[in-house]
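Coordinates in review
Okay, here's what each chain looks like letter by letter:
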There are 2 protein chains.
Amino acid sequence: MAPLLKDELDIVIPTIRNLDFLEMWRPFFQPYHLIIVQDGDPAKKINVPEGFDYELYNRNDINRILGPRASCISFKDSACRCFGYMVSKKKYVFTIDDDCFVAKDPSGKDIDALAKHIQNLLCPSTPLFFNTLYDPYAEGADFVRGYPFSLREGLPTAVSHGLWLNIPDYDAPTQLVKPRERNGRYVDAVMTIPKGTLFPMCGMNLAFDRELIGPAMYFGLMGDGQPIGRYDDMWAGWCVKVICDHLGLGVKTGLPYIWHSKASNPFVNLKKEYKGIFWQEDIIPFFQAATLTKDCDTVQKCYIALSHQVREKLGKIDPYFAKLADAMVTWIEAWDTLNPKEGSAEANGKPKGK
Amino acid sequence: MAPLLKDELDIVIPTIRNLDFLEMWRPFFQPYHLIIVQDGDPAKKINVPEGFDYELYNRNDINRILGPRASCISFKDSACRCFGYMVSKKKYVFTIDDDCFVAKDPSGKDIDALAKHIQNLLCPSTPLFFNTLYDPYAEGADFVRGYPFSLREGLPTAVSHGLWLNIPDYDAPTQLVKPRERNGRYVDAVMTIPKGTLFPMCGMNLAFDRELIGPAMYFGLMGDGQPIGRYDDMWAGWCVKVICDHLGLGVKTGLPYIWHSKASNPFVNLKKEYKGIFWQEDIIPFFQAATLTKDCDTVQKCYIALSHQVREKLGKIDPYFAKLADAMVTWIEAWDTLNPKEGSAEANGKPKGK
């Protein structure tokens, strides 16, 4: 049997080192195409294990391809990965960090994280009402008594957010306070995050439908020359969730787990995060209150409308947000240039090629 | 060590048969006081295994204690259990069906469902933002990166909704379609249902804080003389969730599991449910849109305000809802009569005795 979506999914990996971690993923990833986004010094040679089908972009490539619009792609931060989303021509993207390995389920079996993400994406979401037995489409489960029948078809799934065993995704203060904490709890569930509820989206183990939500998966301005880091995926998650809620798309979280091997340095993280820790107290209420008008009927239109609100409302907190709002617009311009609309897909703002 | 909350929690059991099921629960329930609500023929003698401390109310008792207000308590339906909530003088209530037995966790150990409910109730909820590692207060877990620090103290927990292994809580159509489906998935998580999200609350395995939410735990008019059944707990859940969201209280779902032994007859259930299956398509949007004003600062005031909205908006669907709205008011009158306010508790509408 051919691997699911073999020709419809790219794996995007941001990295600054040799990709030895792929060896462990070989049985699962080898059939797929990889897009490697090399961060840092473009002169450095990144080794990719033999047998993988890949394209690799370094900073010079990004600058060449995007020209002045390359300014919207972060440098020296894993936020650069979103360039890979933009150059992909596939319907689906899976992105994973290079310190993430194959985890085992409680029975000791290797977890095929990618297969589970694909299953999550191909199966509807249920953001409009909570199902107490979690994913109602899972084998052996269903909608429980009291679940409206009119909602049982669900909505298309745009995002599948996977979790991590071993090193949990904690912020620097929590890392500092609990340096030895490890996540050993395997929660056997996938659930839809309800409409109107925001969540902290982690980019370590994440899959999404590019056609449905790709243009909103912008990881913002982080790292080199920016006052903030480690909020790239959070930023994307807040924007994505608001837009999914508006467009009637689902976001799932839970399975699959990967094995996160290495805690990043909490002192370095604290330096990157500390402004974000203040700012998120305003950013989250901003996104919780954000509304989009009816004429925002494509992801691009939603995203541009959101960028205006970011400039107007968050710009008061720090000039950084005006710069970020500009970058959000630049990102969409770059996305549309690399993904020109054509034919009937145009009305839906769908990218080219599917 | 004394059992947790030994003198602050009552176990409420609605039944029509001898309570042999208590034998299996003896190690867990025996230290607590039981309130047994006998449904059906009051002349029937219900046997309670020796050694349990209990009070038992049959229909004659309910009529005697409530007088004309007894009309708000359902007959020939497990909805009658809410009479037990009203006569309890404790801060916490756990309610369980008499076809529910002790379940085992994946390691084969008996699950002390009551202890887990107590833990859920004593520990805060997080309805304002989703934590991807589920209960952030669980051992080995915490708030993940991107979770606002201002929200990490959480809110008081009003409700702990437990789940069921073996027979899932399905409606009649799903029972008919999947007669052999059993729930074998042990999901090792407790989560807060986000603010603004409704859920199907099942009364089979449920605990709550009477002081925080008791007066909203009305199980409606079901069974004898009513056009509907099996929506008692659903009705309570919708009202409770709207009021908890308004008052800043949390509702949790997930662990603990009980073993649900016996599927009820799907043909009988269909007869009870079929109006509810139509009506819930309107009831749920009604509750999703329901808002309460600032002056609704006690559960009682919230509940009375909700009863007005039920009469006004749902009354159009069927005369039943006008009758139900009346019963909601009667229920609050009866509650306040049995639980007179006193001293400083008065301002908060807290029941007597704590």
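Small disclaimer: the values here were computed from a predicted structure and weren't measured.

Some words on the overall build of chain A
- Within chain A, the regular secondary structure consists of 10 helices and 9 strands.
- Rg of the C-alpha trace for chain A: 19 Å, near the compact-globule value of 20 Å for 354 residues, within the 12% margin.
- When the backbone C-alpha atoms are referred to their principal axes, chain A occupies close to 55 × 50 × 50 Å.
- Residues classed as buried in chain A amount to 60% of the 354 residues present.
- A separation threshold of at least 6 residues defines the contact pool for chain A, and within that pool the share at least 24 residues apart is 74%.

Concerning unusual backbone geometry
Residues and elements named next belong to chain A.
- The residue after Leu 255, namely Pro 256, is reached through a cis peptide bond having omega 5°.
- Residue placement: Pro 256 occurs in strand S9 (residues 250-260).
- The phi dihedral of Leu 5 falls on the positive side, at around 60°, and the residue is not glycine.
- With respect to the helices and strands, the residue Leu 5 is situated in the segment before strand S1 (9-15).
- Overall, the relative accessible area of 13% leaves Leu 5 in the buried class.
- Unusually for a residue other than glycine, Asn 166 sits at a positive phi of about 75°.
- Along the chain, the position of Asn 166 falls in strand S6 (residues 157-166).

What to know about the environment of Phe 101 of chain A
All names here are of chain A.
- Tracing the chain through its elements places Phe 101 in strand S5 (residues 100-101).
- Once the C-alpha coordinates of Phe 101 and Trp 259 are considered, the two residues, 158 residues apart in sequence, prove to be 4.8 Å apart.
- Excluding residues that lie within four positions of it along the chain, Phe 101 makes contacts with Phe 21, Met 24, Trp 25, Ile 258, Trp 259 and Ser 261.

Side note on the relation of the copies chain B and chain A
- Note on the identical chains: chain B maps onto chain A by a rotation of 180° and an axial translation of 0.0 Å, with an RMSD of 0.0 Å. Here the copies are linked by what is in effect a two-fold axis. Among all residues of chain B, the minimum C-alpha distance to the rotation axis is found for Val 187 of chain B, at 2.8 Å.

What to know about the pattern of salt bridges
- What the rule picks out here adds up to 40 salt bridges over all chains.
- What you see here is one network of salt bridges that share partners, running through Lys 91, Asp 209 and Glu 211 of chain A.

Describing helix H10 (residues 320-338) of chain B
Residues and elements named next belong to chain B.
- If you check H10, its first and last C-alpha atoms are 26 Å apart, about what 19 residues at 1.5 Å a residue would give, namely 27 Å.
- Considered for burial, the residues of H10 that qualify are Tyr 320, Phe 321, Leu 324, Ala 325, Ala 327, Met 328, Thr 330, Trp 331, Ile 332, Ala 334 and Trp 335.
- Buried residues along H10 sit against helix H2 (59-66), helix H3 (82-87), helix H6 (210-213), helix H7 (232-247), helix H8 (266-289) and helix H9 (299-314).

Focus: the packing of H8 of chain B against H9 of chain B
Residues and elements named next belong to chain B.
- Where H8 contacts H9, the axes come no closer than 11 Å and their chain directions differ by 135°. In terms of orientation, H8 and H9 fall into the oblique class. Considering the relative orientation of H8 and H9, their crossing is right-handed. Two secondary-structure elements touch here, H8 through Asp 282, Ile 283, Phe 286 and Phe 287 and H9 through Leu 306, Gln 309, Val 310, Lys 313 and Leu 314.
- Considering only residue class, the contact of H8 with H9 consists of 6 nonpolar, 1 polar and 2 charged.

Considerations on the interface of chain B and chain A
- On the chain A side, the residues contacting the 59 residues of chain B number 59 residues.
- Here chain B meets chain A over a buried area of about 5,000 Å², counting both sides, of which 57% is carbon and sulfur.
- Summed over the three residues of chain B that lose the most area to chain A, namely Phe 130, Arg 145 and Arg 185 of chain B, the buried surface amounts to 17% of that side.
- Run the count over chain B and chain A and you get 10 salt bridges.
- Of the charged contacts in the structure, one is a salt bridge between Arg 152 of chain A and Asp 171 of chain B, with a shortest N-O distance of 2.8 Å.
- Across the chain B-chain A interface, the total number found is 28 residue pairs in polar contact (both at pLDDT 80 or more).

Brief notes about the nonpolar core
- Core analysis: the largest hydrophobic core is formed by 238 residues, its most contacted members being Trp 235 of chain A together with Trp 235 of chain B.
- If near-sequence neighbours (up to four positions away) are discounted, Trp 235 of chain A is found in contact with Tyr 218, Gly 220, Ile 283, Phe 287, Tyr 303, Val 310, Leu 314, Phe 321, Leu 324 and Met 328 of chain A.

Details of the packing of aromatic side chains
- Scanning all chains against the criterion turns up 42 aromatic pairs over all chains.
- With a centroid separation of 6.4 Å and 65° between ring planes, the pair formed by Trp 25 of chain A and Phe 28 of chain A is classed as edge-to-face. Here Phe 28 of chain A and Trp 25 of chain A lie together in helix H1 (residues 22-29), a separation of 3 residues that amounts to about one turn. A single burial state applies to Trp 25 of chain A and to Phe 28 of chain A, both of which are buried.
- An angle of 75° between the planes, with centres 5.6 Å apart, marks the rings of Tyr 85 of chain B and Phe 219 of chain B as edge-to-face. Pair noted here: Tyr 85 of chain B is in helix H3 and Phe 219 of chain B is in the loop between H6 and H7, with a separation of 134 residues, a long-range link.

Let's talk about the side chain of Asp 135 of chain A
All names here are of chain A.
- Considering the arrangement of structural elements, one finds Asp 135 in the loop between helix H4 (113-122) and S6.
- One buried charged residue, Asp 135, forms no salt bridge at all, with the nearest opposite charge on Lys 252 at 4.9 Å.
- Within the structure, the side chain of Asp 135 is placed 2.9 Å from the backbone nitrogen of Tyr 137, a separation counted as a polar contact.
- Ignoring sequence-local partners within four residues, the contact set of Asp 135 consists of Ala 141 and Val 190.

Structural notes on the packing of helix H7 (residues 232-247) of chain A against helix H9 (residues 299-314) of chain A
All names here are of chain A.
- Orientation of H7 relative to H9, taken along the N-to-C sense of each, is 125°, at an axis distance of 10 Å. By the angle between their axes, H7 is oblique relative to H9. Between H7 and H9 lies a crossing of right-handed hand. Contacts between H7 and H9 involve Trp 235, Cys 239, Val 242, Ile 243, His 246 and Leu 247 from the first element and Val 299, Cys 302, Tyr 303, Leu 306, Val 310 and Leu 314 from the second.

Some remarks on the confidence of the model for chain A
Residues and elements named next belong to chain A.
- Across chain A, the average pLDDT comes to 95, with 96% of residues at 70 or higher.
- Across residues 344-354 the pLDDT falls below 50, and counting only partners more than four positions away or on other chains, this stretch makes 23 contacts in the model.
- For this predicted complex, the interface confidence reaches an ipTM of 0.94, while the overall pTM sits at 0.94.

Notes on the pairing of strand S8 (residues 205-209) of chain B
Residue and element names in this part refer to chain B.
- The buried count for S8 comes to 5 of 5 residues, which makes it a mostly enclosed element.
- By the alternation rule, side chains of S8 split into Asn 205, Ala 207 and Asp 209 and Leu 206 and Phe 208, which are all buried.
- Two elements, strand S4 (residues 92-96) and S8, share 5 bridges in a ladder whose sense is antiparallel. For Phe 94, the partnering residue across the bridge sits in S8 and is Ala 207.
- Here strand S6 (residues 157-166) runs beside S8; their pairing, made up of 3 bridges, is antiparallel. Residue pairing in the sheet places Ser 160 in a bridge with Ala 207 of S8.

Rules and cut-offs
Residues numbered from 1 in each chain as written. Chains lettered and ligands numbered in written order. Predicted model: local features only at pLDDT ≥ 70, side-chain atom pairs only at ≥ 80, totals over all residues. Heavy atoms only, no water. Helix = DSSP H or I, 4+ residues; strand = E, 2+ residues; numbered from the N terminus. Rg over C-alpha atoms; globule rule 2.2 N^0.38 Å. Buried < 20%, exposed > 50% of the residue type's maximum accessible area, 1.4 Å probe, protein only. Contact = heavy atoms within 4.5 Å. Least-squares fit on C-alpha atoms with pLDDT ≥ 70 in both. Salt bridge = Lys/Arg side-chain N within 4 Å of Asp/Glu carboxyl O. Expected span 1.5 Å × (residues − 1). Axes fitted to C-alpha atoms, helices over the stretch in contact; angles between N-to-C directions. Parallel < 35°, antiparallel > 145°, perpendicular 65-115°, else oblique. Left-handed = near helix turned anticlockwise from the far one by under 90°. Nonpolar A, V, L, I, M, F, W, Y, C, P; charged D, E, K, R; others polar. Buried area = accessible area lost by both parts, 1.4 Å probe. Polar contact = N/O pair within 3.5 Å; in protein donor to acceptor, adjacent residues only side chain to side chain. Core = buried A, V, L, I, M, F, W, Y, C linked by side-chain atoms within 4.5 Å. Phe/Tyr/Trp six-rings, centres within 6.5 Å; stacked < 30°, edge-to-face > 60°. Lys, Arg positive; Asp, Glu negative; His and termini not counted. pLDDT = per-residue confidence, 0-100. Pairing = 2+ DSSP bridges.

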